[in-house]
Amino acid sequence: MVSYKDLGLVNTKKMFAKAVKGGYAIPAYNFNNMEQLQAIIQACVETNSPVILQVSSGARKYANQTLLRYMAQGAVAYAKELGCKKPQIALHLDHGDSFELCKSCIQMGFSSIMIDGSSLPYEENIKLTKKVCDYAHKQKDYVTVEGELGVLAGVEDDVSAEESHYTKPEEVQDFVKRTGVDSLAISIGTSHGRQKFKPEQCTKNADGILIPPPLAFDILKEIEKKLPGFPIVLHGSSSVPVEYVKEIEKYGGKLKDSVGIPEDQLRKAAKSAVCKINIDSDGRLAMTAAIRKVFAESPSEFDPRKYLGPARDELKKMYIHKNKKVLGSADQL
């Protein structure tokens, strides 16, 4: 059993309370390897931002749970080395699908856990979420828990759903009270992956770029009324930048009908009770675009540092932009 405090990590309790009060959202960036982690820490130190290092079940299998623990500990030390005296870094399980997985992550030093029972019948979701909360909260060092109501469409690692189902505002009070969750992920029109909407759901601008339907801010407003001041989470919130999609396609990629969530809508959400915004696909796109460019322009290159280095630099640039212009988390330490 390893406590997250031994690794220098924090849970999300104070982090979220400050974000809700301050009208910004904490970045929750998914990572799978060293270069992604370096970019996240560099960007958050430079922008003076708290951050949630987010690990999916698939990423945990890919990276190895023991290595992940030491990577998280190393991230804290790295942030201090870069000049951040008191890093606010949480290590969070994204879309945990069982009590056993959540328990294992807690025992390996995760400071925050998501248990996703949103695909289950309502009462079963409550039962599973409460079980995880009871275990996480009784630890010597309190581990925060995120639950989910509503279903997001799209595909991300092991999480897949054909259709989205908006969160029902009339259920949120009961769910939070009976489970004891510390934050709640909701569905208001965001979606997993790089194709967040089908072309027929969108309109096109003069340049032929797909414009998605707006988020359901009316539902968000109702949820805020039901749970005043309670931390709300948005999953599937990558913007799928057109410039990265075009760069990937320029160098041989095929990403037909890519469309994300407009950044101005995410900024609007971040000014509300939404205090955690998950971003994964944007990081994948930025990294892939940079790597494809190197391979196309230098076909004889085979040193991983020569293509992963530029990918890391592009990621850092994107994360700095997100912290400053989209989430509002810059200068919030």
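The preceding data block contains the structure.
Keep in mind it's a predicted model, so treat the numbers as computed, not measured.

Considerations on the overall build of the protein chain
Per the secondary structure count, the protein chain includes 12 helices and 12 strands. For 333 residues, the compact-globule estimate of 2.2 N^0.38 gives 20 Å, and the C-alpha radius of gyration of the protein chain, at 19 Å, lies within 12% of that figure. Referenced to the eigenvectors of the C-alpha coordinate spread, the extents of the protein chain come out at roughly 55 × 45 × 35 Å. Within the protein chain, the proportion of its 333 residues that are buried is 58%. Residue pairs in contact within the protein chain that sit at least 24 positions apart in sequence constitute 76% of those at least 6 positions apart. Accessible surface for the protein chain amounts to roughly 15000 Å². Of this, 51% is attributable to carbon and sulfur atoms. Here the protein chain contributes 46 positive and 42 negative side-chain charges, whose respective centroids are spaced 5 Å apart.

Considering a positive patch on the surface
On the surface, Lys103, Lys127, Lys131 and Lys138 cluster together into a positively charged patch. Within the secondary structure, Lys103 sits in helix H5 (residues 99-107). The exposure class assigned to Lys103 is partly exposed, which follows from its relative accessible area of 31%.

Brief notes about the packing of helix H11 (residues 281-297) against helix H12 (residues 304-327)
In contact at an axis separation of 8 Å, H11 and H12 are set at 145 degrees when each is read in the N-to-C sense. For H11 against H12, the interelement crossing comes out right-handed. Taken together, the residues of H12 that come into contact with H11 (itself represented by Asp282, Gly283, Ala286, Met287, Ala290, Ile291, Val294 and Phe295) are Lys306, Tyr307, Leu308, Pro310, Ala311, Glu314, Leu315, Met318, Tyr319 and Lys322. When grouped by side-chain class, the residues that make up the contact of H11 with H12 number 13 nonpolar, one polar and four charged.

Concerning the pairing of strand S8 (residues 183-186)
Where burial is concerned, the two faces of S8 agree: the one with Ser183 and Ala185 and the one with Leu184 and Ile186 are both buried. Judged from the four bridges that link them, strand S5 (residues 144-149) and S8 form a sheet pairing that is parallel. For Leu149, the partnering residue across the bridge sits in S8 and is Ile186. As judged from the three bridges shared by S8 and strand S11 (residues 232-234), these two strands associate in the parallel manner. Bridge assignment links Leu184 to a residue of S11, and that residue is Ile232.

Describing the pattern of salt bridges
One pass over the full model with this rule turns up 14 salt bridges. The shortest N-O distance in the salt bridge between Asp280 and Arg284 comes to 3.1 Å.

A few points about the packing of aromatic side chains
Tallied over the entire structure, the rule returns four aromatic pairs. A ring pair is formed by Phe99 and Tyr135, whose centres lie 5.7 Å apart and whose planes are at 80 degrees; its orientation type is edge-to-face. One end of the pair, Phe99, is in helix H5; the other, Tyr135, is in helix H6 (residues 122-137), with 36 residues separating them in the sequence. Measuring from centroid to centroid gives 6.4 Å for Tyr122 and Phe175, while their planes differ by 45 degrees, and the two rings are tilted. Taken together, the positions of Tyr122 in helix H6 and Phe175 in helix H7 (residues 169-179) put the pair 53 residues apart, joining distant regions of the chain. Its guanidinium or amino end placed over the ring of Phe99, Lys131 lies 4.5 Å from that ring's centre, counting from NZ or CZ. If you follow Lys268 out to its NZ or CZ, it ends over the ring of Phe217, 4.2 Å from the centre.

Observations concerning the sheet that holds S11
If you walk around this closed barrel you meet the eight strands as S1-S2-S3-S4-S5-S8-S11-S12, and the pairing is parallel. Shown here is a sheet whose adjacent strand axes are inclined to one another by a mean of 25 degrees, direction ignored.

Considerations on the pairing of strand S2 (residues 51-56)
Counting buried positions over the six residues of S2 gives six, a clear majority of the element. Residue alternation in S2 divides its side chains into two sets, Val51, Leu53 and Val55 and Ile52, Gln54 and Ser56, and both sets are buried. By the bridge criterion, three bridges tie strand S1 (residues 26-30) to S2 in an arrangement that is parallel. The residue of S2 that forms the bridge with Tyr29 is Leu53.

Thoughts on the packing of H6 against H7
Between two packed helices, both the angle of their axes relative to each other and the distance between the axes serve to describe the pair. At a closest axis distance of 8 Å, the pairing of H6 and H7 adopts a crossing angle of 35 degrees. The handedness of the crossing between H6 and H7 comes out as right-handed. Contacts between H6 and H7 involve Tyr122, Glu123, Asn125, Ile126, Thr129, Lys130 and Cys133 from the first element and Glu171, Asp174, Phe175, Arg178 and Thr179 from the second. Looking at the contact of H6 with H7 residue by residue, the class counts come to four nonpolar, three polar and five charged.

What to know about the side chain of Ser183
Relative to the elements of secondary structure, Ser183 occurs in strand S8. Those residues within four positions of Ser183 in sequence are excluded, and the remaining contacts are Phe16, Val145, Glu146, Gly147, Phe230, Pro231 and Val233.

What counts, and at which threshold
- Residues numbered from 1 in each chain as written.
- Predicted model: local features only at pLDDT ≥ 70, side-chain atom pairs only at ≥ 80, totals over all residues.
- Heavy atoms only, no water.
- Helix = DSSP H or I, 4+ residues; strand = E, 2+ residues; numbered from the N terminus.
- Rg over C-alpha atoms; globule rule 2.2 N^0.38 Å.
- Buried < 20%, exposed > 50% of the residue type's maximum accessible area, 1.4 Å probe, protein only.
- Contact = heavy atoms within 4.5 Å.
- Areas by Shrake-Rupley, 256 points an atom, 1.4 Å probe, with all protein chains shown as cover.
- Lys, Arg positive; Asp, Glu negative; His and termini not counted.
- Charge placed at Lys NZ, Arg CZ, Asp CG, Glu CD.
- Patch = residues over 30% accessible without salt bridge, like charges linked within 9 Å, V, L, I, M, F, W, Y side chains within 5 Å.
- Salt bridge = Lys/Arg side-chain N within 4 Å of Asp/Glu carboxyl O.
- Axes fitted to C-alpha atoms, helices over the stretch in contact; angles between N-to-C directions.
- Left-handed = near helix turned anticlockwise from the far one by under 90°.
- Nonpolar A, V, L, I, M, F, W, Y, C, P; charged D, E, K, R; others polar.
- Pairing = 2+ DSSP bridges.
- Phe/Tyr/Trp six-rings, centres within 6.5 Å; stacked < 30°, edge-to-face > 60°.
- Lys NZ or Arg CZ within 6 Å of the ring centre and 35° of its normal.

Bear in mind that shape data such as this cannot, by itself, settle questions of function.
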